[in-house]
Amino acid sequence: MIPAVISLVLVGFLFGGLLALAGQKFAVEEDPRIEEISELLSGANCGACGYAGCRGFAEAVVAGRADTAGCPVNSSEVDAQIAGILGLEVSHREPLLARVYCQGSSDVSQDKSVYQGIETCAAAAQVSGGGHKACADGCLGLGSCRDACPFHAISIVDGLAVIDPKLCTGCGKCVQSCPKGLIALASRASTVHVLCKNTDRGASVRKYCKVGCIGCRACVKVCPVAAVTVDDNLAKIDYDLCISCGACVEKCPPKCIVEERSHQAQAAS
Amino acid sequence: MRNGFDGGVHPPHYKTHTEDVAIRSAREPEVVVIPLVQHLGAPCEATVKKGDVVDVGQVIGDASAFVSAPVHASVSGKVFKVEPRLHPALGKPVPAVIIESDGENRWHDSIEPRDAEDLTPEEIIRTMRTAGLVGLGGAAFPTAVKFSPPKDKPVDTFLLNGAECEPFLTADHRLMLEGTADILTGMRVMMRALGVTTGTICIEDNKPDALAAMEAACKDVPDIKVVSLKTRYPQGSEKQLIKSVLNRDVPPPPGLPMDVGVVVSNVSTAHALSRAFKTGMPLIERVVTVTGPAIAEPANLLVKIGTLFHQLIEECGGFEGNASRLIMGGPMMGIAQFSTDVPVIKGTSGILALGAEDEWDGEATACIKCGRCVDVCPMRLVPILISAYAEREWYEKAEQLYAADCLECGCCSFICPARRPLVQAIRMAKQHIMNQRRERQAAST
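Reading the values: the criteria
- Residues numbered from 1 in each chain as written.
- Chains lettered and ligands numbered in written order.
- Predicted model: local features only at pLDDT ≥ 70, side-chain atom pairs only at ≥ 80, totals over all residues.
- Heavy atoms only, no water.
- Helix = DSSP H or I, 4+ residues; strand = E, 2+ residues; numbered from the N terminus.
- Rg over C-alpha atoms; globule rule 2.2 N^0.38 Å.
- Buried < 20%, exposed > 50% of the residue type's maximum accessible area, 1.4 Å probe, protein only.
- Contact = heavy atoms within 4.5 Å.
- Areas by Shrake-Rupley, 256 points an atom, 1.4 Å probe, with all protein chains shown as cover.
- Lys, Arg positive; Asp, Glu negative; His and termini not counted.
- Charge placed at Lys NZ, Arg CZ, Asp CG, Glu CD.
- Salt bridge = Lys/Arg side-chain N within 4 Å of Asp/Glu carboxyl O.
- Phe/Tyr/Trp six-rings, centres within 6.5 Å; stacked < 30°, edge-to-face > 60°.
- Lys NZ or Arg CZ within 6 Å of the ring centre and 35° of its normal.
- Pairing = 2+ DSSP bridges.
- Axes fitted to C-alpha atoms, helices over the stretch in contact; angles between N-to-C directions.
- Left-handed = near helix turned anticlockwise from the far one by under 90°.
- Nonpolar A, V, L, I, M, F, W, Y, C, P; charged D, E, K, R; others polar.
- Buried area = accessible area lost by both parts, 1.4 Å probe.
- Polar contact = N/O pair within 3.5 Å; in protein donor to acceptor, adjacent residues only side chain to side chain.
- Core = buried A, V, L, I, M, F, W, Y, C linked by side-chain atoms within 4.5 Å.
- Parallel < 35°, antiparallel > 145°, perpendicular 65-115°, else oblique.

Visitor: An account of the overall build of chain A is requested, with residue identities and associated values reported.
Guide: A tally of helices and strands in chain A yields eleven helices and eight strands. Relative to a compact globule of 269 residues, whose C-alpha radius of gyration would be 18 Å, chain A shows 26 Å and is clearly more extended. Projecting the C-alpha coordinates of chain A onto the three principal axes gives extents of approximately 95 × 50 × 35 Å. Split into buried and exposed, the 269 residues of chain A put 42% on the buried side. Looking at chain A alone, contacts between residues at least 24 apart form 55% of all its contacts between residues at least 6 apart. When the accessible surface of chain A is split by element, carbon and sulfur atoms take 57% of a total near 14700 Å². Of note, chain A has its 24 positive side-chain charges centred 10 Å away from the centre of its 27 negative side-chain charges.

What follows is the structure, encoded as structure tokens:
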């Protein structure tokens, strides 16, 4: 028994020593700032920065390949902290927000058929007519964007995707997941939006959706800065020109132009 | 000799609704909507405009591309509009010519009978093209293209496809009984266009009367043979039919029947070709089976292309009971419709209405790895793996498993005890793969 204990202890020391030597000899020098920056990041590994996860982004920032504000998820404070760690100037980035450009929930927008099959929007969009919704451009409400969101900011309410602006980080994952192209990123600061993508003629839109754009041009007429145009029966706002006065919101007959504050206040009440 | 094809299933036939109902002409439509895309290949450009007066058989849309087929006016009257209208196969609005009929059915001056006897193969193929002929079995591939094999691919056999393996459909069946002589004439013209000396008419054995009629008609014809095939779905698919009858394996895509020296054509197409010579009238009408448990009086109707579905359904007594699903084509490969305001196109073999009680409304359950989908796949694919990858959007993996070769025949979904939407998933993968290939091709040129 004793010789066995002694030999095991010796073997243990021998390998321990070898490992210690190897550890010193082959040690990889890592910039401690990578670890520091990694800890500041959200850790969602969403990939919106274009790098393989948060760690990849941290490495890229330290190596100077990525902008300190390159992570769309970070708040401006975090961006400043990262810049501070690296001793760089804080670069300004417009905070983005994802919005669903459709308000056609099941109580205001009709269905044309009953869909049975794979429960993803991409699958439903492929069947005849582009899915069960009467509006060929409307939100199918099967939740592909909800499943794609790494921050649980999207929920499906009455067959419509709704994004919680408090949780949304503007990473853009949902944008690619929507087969109808209904989600887009835009500045958080712009508050007036046309929440419709339908290009059908007004008379047909009215038949199936109460909140669809009918291309009536009331918004174009009332806009004081000519920021609204109607093209292909659909109103469009030029965010560079829009002063968020809300005049078009007042005039819009189907209420498809929405001012976000009022929208949020409504939701709260 | 005949070994049959791989896989396949035996769905109930449901043909009794209409197999004994003689073909009758549908009521003259007051308005026809004729889509400019009714075939595989390049879409047509309208050659008429709003307000033009057109005659029956007049070309109203044509394309210069090789893989295409012109479309013709099916009624005489005034062009009401040229605008996008809902298309039954594509499920979205595509440009269509809308004609208000004047009820006169005036024939266009160019329509005159032609004798096929002394035409060269090139002239026959040109007539196929000008008559707007496409495969009437459903896929609507331009016939002229099919009959122009490249020189290095000699064709030695011609098969006339009268399998009609889709449940419910009886349009080809009735045509074989009522238009036997025309089918044979058309078949002879097709054989001459190909330069082959022997032809085979292939009919499944669930249509004994059609078999008897064809056999009787071919009794004294040494170069045409009639074979009876054991009924199995999807025997009417070209590659499967070739395997069943000739025991030749068509190579996987892009392999075509002509790679093994065969051309297959549908009986309805042969019938239409014969009419195109006999009367000179291009393809402006076809037989459509309007059937299903939710149709009051199922029938086989001779319908002008462009007639709207709701008119035909009305003519068959309207919907009966709890109609819940409308399909263009058969139940296995047909396309579900969400509106009856769609026109009959060249590829419309049937209009099928099912009731709520005929449908499976349960949820799909988990795969139990029974492997039946693998057993029944006529293309020897592994549907369960392809669909699993497709549902996870791992399309490269699906492509490695030859997802793009899928026929979408629906055998796997039909047999699946867990009712998994296998074909839908594979179709998603196919679409994705096709898009990627197109992008790659565009990038490389």
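Visitor: Before we move on, can you summarise the pattern of salt bridges with the specific residues and values?
Guide: Residues and elements named next belong to chain B. For the structure shown, the criterion picks out 28 salt bridges over all chains. A salt bridge links D156 to R248, with the shortest nitrogen-to-oxygen separation between them at 3.2 Å. Here the residue D156 occupies a position in the loop between α2 (143-146) and β9 (157-162), and R248 occupies one in the loop between α6 (238-246) and β12 (262-266), the gap between them amounting to 92 residues. We classify D156 as partly exposed; its relative accessible area is 43%.

Visitor: Kindly report on the packing of aromatic side chains, identifying the contributing residues and their values.
Guide: All chains considered together, the criterion is met by four aromatic pairs over all chains. Seen from their ring centres, Y51 of chain A and F57 of chain A are 6.4 Å apart, and the 50 degrees between their planes marks the pair as tilted. When its relative accessible area of 2% is taken as the criterion, F57 of chain A is described as buried. Ring geometry for Y389 of chain B and W394 of chain B: centres 5.8 Å apart, planes at 25 degrees, overall stacked. Here W394 of chain B falls in the partly exposed class, since its relative accessible area comes to 47%. The ring of Y101 of chain A is capped by K197 of chain A, whose NZ or CZ atom sits 5.3 Å from the centre of that ring. One Lys or Arg, R232 of chain B, reaches over the ring of F5 of chain B and ends 4.1 Å from the middle of that ring.

Visitor: Account for the sheet that holds strand β16 (residues 335-337) of chain B, naming residues and giving values.
Guide: All names here are of chain B. With respect to topology, six strands assemble into an open sheet ordered β1-β14-β13-β17-β15-β16, the strand pairing being mixed. Both edges of this open sheet fall to β1 (24-25) and β16, since each of them pairs with a single strand only. Where strand β13 (residues 285-291) lies against strand β14 (residues 299-304), six bridges are found, and the strand directions are antiparallel. Within the sheet, the bridge partner assigned to V288 lies in β14 and is L301.

Visitor: Residue-level account of the packing of helix α3 (residues 171-178) of chain B against helix α5 (residues 208-217) of chain B, with values.
Guide: All names here are of chain B. Two numbers describe how α3 lies on α5: the axes approach to 8 Å, and their chain directions differ by 35 degrees. With respect to the hand of their crossing, α3 and α5 are arranged in left-handed fashion. Note on element contacts: α5 touches α3 through D209, A210, A213 and M214, opposite H173, M176 and L177. Taken together, the residues of the contact of α3 with α5 sort by class into five nonpolar, one polar and one charged.

Visitor: Mind laying out the interface of chain A and chain B, listing which residues take part and the relevant values?
Guide: Residue-level contacts link 13 residues of chain A with 16 residues of chain B. Counting the surface lost from both chain A and chain B, the interface buries some 1100 Å², and carbon and sulfur atoms represent 53% of this. On the chain A side of the interface with chain B, the three residues burying the most area are I118, Q126 and S128 of chain A, jointly 52% of the side's total. Inspection of the chain A/chain B interface yields zero salt bridges. Summed over the shared surface of chain A and chain B, the number is six residue pairs in polar contact (both at pLDDT 80 or more). A class-by-class count of the residues in the side of chain A that touches chain B yields four nonpolar, eight polar and one charged.

Visitor: Which residues make up the environment of K197 of chain A, and what are the values?
Guide: All names here are of chain A. You can see K197 is positioned in the loop between β5 (192-194) and α8 (202-208). Linking K197 and A125, residues 72 residues apart in sequence, is a C-alpha distance of 15 Å. Among residues more than four places away in sequence, those in contact with K197 are Y101, D137, G181, L182 and L234.

Visitor: Please set out the nonpolar core residue by residue, giving values where relevant.
Guide: Counting residues in hydrophobic clusters, the biggest one holds 46 residues, and the most contacted among them are M128, F147, F158 and I201 of chain B. Contributions of two or more residues to this core are made by α1 (121-130), β9, α3, α4 (180-194), β10 (199-204), α5, β11 (224-229) and α7 (267-278) of chain B. By residue number, the principal contributor to this core is α4 of chain B, which donates eight residues. Not counting chain neighbours up to four residues away, the residues in contact with F147 of chain B comprise I125, M128, F158, M190, A193, L194, V263 and S265 of chain B. Counting 35 residues, the second largest nonpolar core, distinct from the first, contains A98, F151, C178 and I183 of chain A.

Visitor: Got a sec to walk through the pairing of β9 of chain B? Specific residues and values, please.
Guide: Residues and elements named next belong to chain B. β9 sits mainly inside the fold: six of its six residues count as buried. The two faces of β9 match: T157, L159 and N161 on one face and F158, L160 and G162 on the other face are all buried. As judged from the five bridges shared by β9 and β12, these two strands associate in the parallel manner. For N161, the partnering residue across the bridge sits in β12 and is N266. By the bridge criterion, five bridges tie β9 to β10 in an arrangement that is parallel. Bridged to F158 within β10 is G199.

Visitor: I'd love a proper account of unusual backbone geometry, names of residues and values included.
Guide: For residues that are not glycine, phi is negative in most cases, and the peptide bond is trans in most cases. Residue and element names in this part refer to chain B. Cis peptide bonds are those with omega within 30 degrees of zero, and the linkage from Y233 to P234 qualifies with -5 degrees. Phi at R380 is positive, roughly 55 degrees, even though this residue is not glycine. The topology assignment puts R380 in the loop between α9 (372-376) and α10 (383-391). Here E408, not a glycine, exhibits a phi torsion of approximately 60 degrees, which is positive. Summarising the element assignment, E408 is placed in the loop between α11 (395-400) and α12 (411-415).

Visitor: Describe in detail the packing of α10 of chain B against helix α13 (residues 422-444) of chain B, supporting the description with residues and values.
Guide: Residues and elements named next belong to chain B. As a packed pair, α10 and α13 sit with axes 8 Å apart at the nearest point and diverge in direction by 60 degrees. Taken as axis vectors, α10 and α13 run oblique relative to one another. Regarding α10 and α13, the two cross each other, and that crossing is left-handed. In this structure, α10 contributes P383, I384, I386, S387, A390 and E391 to the contact, and α13 contributes L422, A425, I426, M428 and A429. The class makeup of the residues in the contact of α10 with α13 is nine nonpolar, one polar and one charged.

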